[in-house]
Amino acid sequence: MKFRPWLGLVTVLLLAGCESADLGLRERFQPAPAVIEILEVGPDAVFAATREFLPTMGFKVTRSRSGSGIIEGVSRVQVAGDMRGARQTTVKIVISPTVDGDTEIQVWMTEVIEDDYDKGPGRGTQTPLRDASLYKALVHGISRQLGLPEND
């Protein structure tokens with residue numbers, strides 16, 4: 001009978017640990033929130049500058065619709081040294097006007113990893129890219145393309 005309170009405590013701790021592990025796992029696979037920047041230029045100019053700058057960063061534009069303000073692209077496939085896997089980065093950019101006449105840019109990047117071709121085709125994983133430096137480089141390059149002053 002002395003062990004029952006301990007059994008209850010252990011059960012509660014185990015369940016609490018499972019919940020925190022679940023939150024970490026869920027965070028890894030949920031889409032990352034967009035990185036949002038505001039540029040003091042009209043959306044048409046930002047769209048053109050973004051479309052022109054993406055190849056400079058190594059992205060091939062795969063979708064581009066000025067009417068909806070959406071640009072998507074992919075990087076080159078980087079094959080692993082043992083030739084058994086590969087990785088690639090995708091980017092999605094949504095450009096929209098603000099009430100003030102400026103332009104809001106929303107950027108999402110995803111890393112696609114195929115770690116073992118022996119598993120069969122299409123077995124890659126997608127993980128939201130949380131590396132802030134790549135996002136900053138993109139926005140900085142677009143700003144430079146537009147001739148805007150640097151805001152570091």
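Cut-off values and rules
Within every chain, residues take consecutive numbers counted from 1 along the sequence as written. Note on the predicted model: pLDDT of at least 70 is required for a residue's local features to be given, and 80 or more for side-chain atom pairs to be given and counted; whole-chain, interface and lining totals, by contrast, use all residues. Neither water nor hydrogens contribute to the side-chain values; these are computed over all heavy atoms in the structure. Helix and strand definitions here come from DSSP, where helices need a minimum of 4 consecutive H or I residues and strands a minimum of 2 consecutive E residues; each element is numbered from the N-terminal end. In what follows, residue pairs with any heavy atoms lying within 4.5 Å of each other are defined as contacts. Within this document, salt bridges are pairs made up of a side-chain nitrogen of Lys or Arg and a carboxyl oxygen of Asp or Glu, the two lying within 4 Å of each other. For each residue, the accessible area found with a 1.4 Å probe, counting protein chains only, is set against the maximum for its type, and the residue is called buried under 20%, exposed over 50%, and partly exposed in between. Only buried Ala, Val, Leu, Ile, Met, Phe, Trp, Tyr and Cys residues count toward a nonpolar core, and they belong to the same one when joined by side-chain atoms within 4.5 Å.

Undergrad: Go over the environment of Val61, please, and point to the residues and values.
TA: Position of Val61 relative to the elements: it lies in strand 2 (residues 59-65). Note: C-alpha distance between Val61 and Glu72 (11 residues apart in sequence) is 5.9 Å. Among residues more than four places away in sequence, those in contact with Val61 are Arg51, Leu54, Ile71, Glu72 and Gly73.

Undergrad: So, the pattern of salt bridges: which residues are in play, and what are the values?
TA: Opposite charge on two side chains permits pairing when their charged atoms draw close. Summed over all chains, the structure comprises two salt bridges. Notably, a salt bridge pairs Glu72 with Arg63, separated by 3.2 Å at the nearest N-O pair. For Arg63, a relative accessible area of 28% corresponds to the partly exposed category. Its salt-bridge partner being Arg87, residue Glu111 comes within 2.5 Å of it at the nearest N-O pair. With a gap of 24 residues between them, Glu111 in strand 6 (residues 103-114) and Arg87 in strand 5 (residues 86-97) connect regions that are remote in the sequence. On the accessibility criterion, Arg87 (37% relative accessible area) is partly exposed.

Undergrad: Break down the side chain of Thr89 for me, citing the residues and quoting the values.
TA: Along the chain, Thr89 falls in strand 5. Residue contacts for Thr89: discarding those within four places in its chain leaves Phe59, Gly73, Val74, Ser75, Thr110 and Leu129.

Undergrad: Residues and numbers for the nonpolar core, please.
TA: Leu54, Val91, Ile93, Val107, Leu138 and Ile142 are the most contacted members of the largest nonpolar core, which totals 20 residues. For this core, the elements supplying multiple residues, two or more each, are helix 2 (43-53), strand 2, strand 5, strand 6 and helix 3 (132-146). Ignoring any residue separated from it by four or fewer positions in sequence, one finds Val91 in contact with Leu54, Phe59, Ile71, Glu72, Gly73, Val107, Trp108, Met109 and Leu138.

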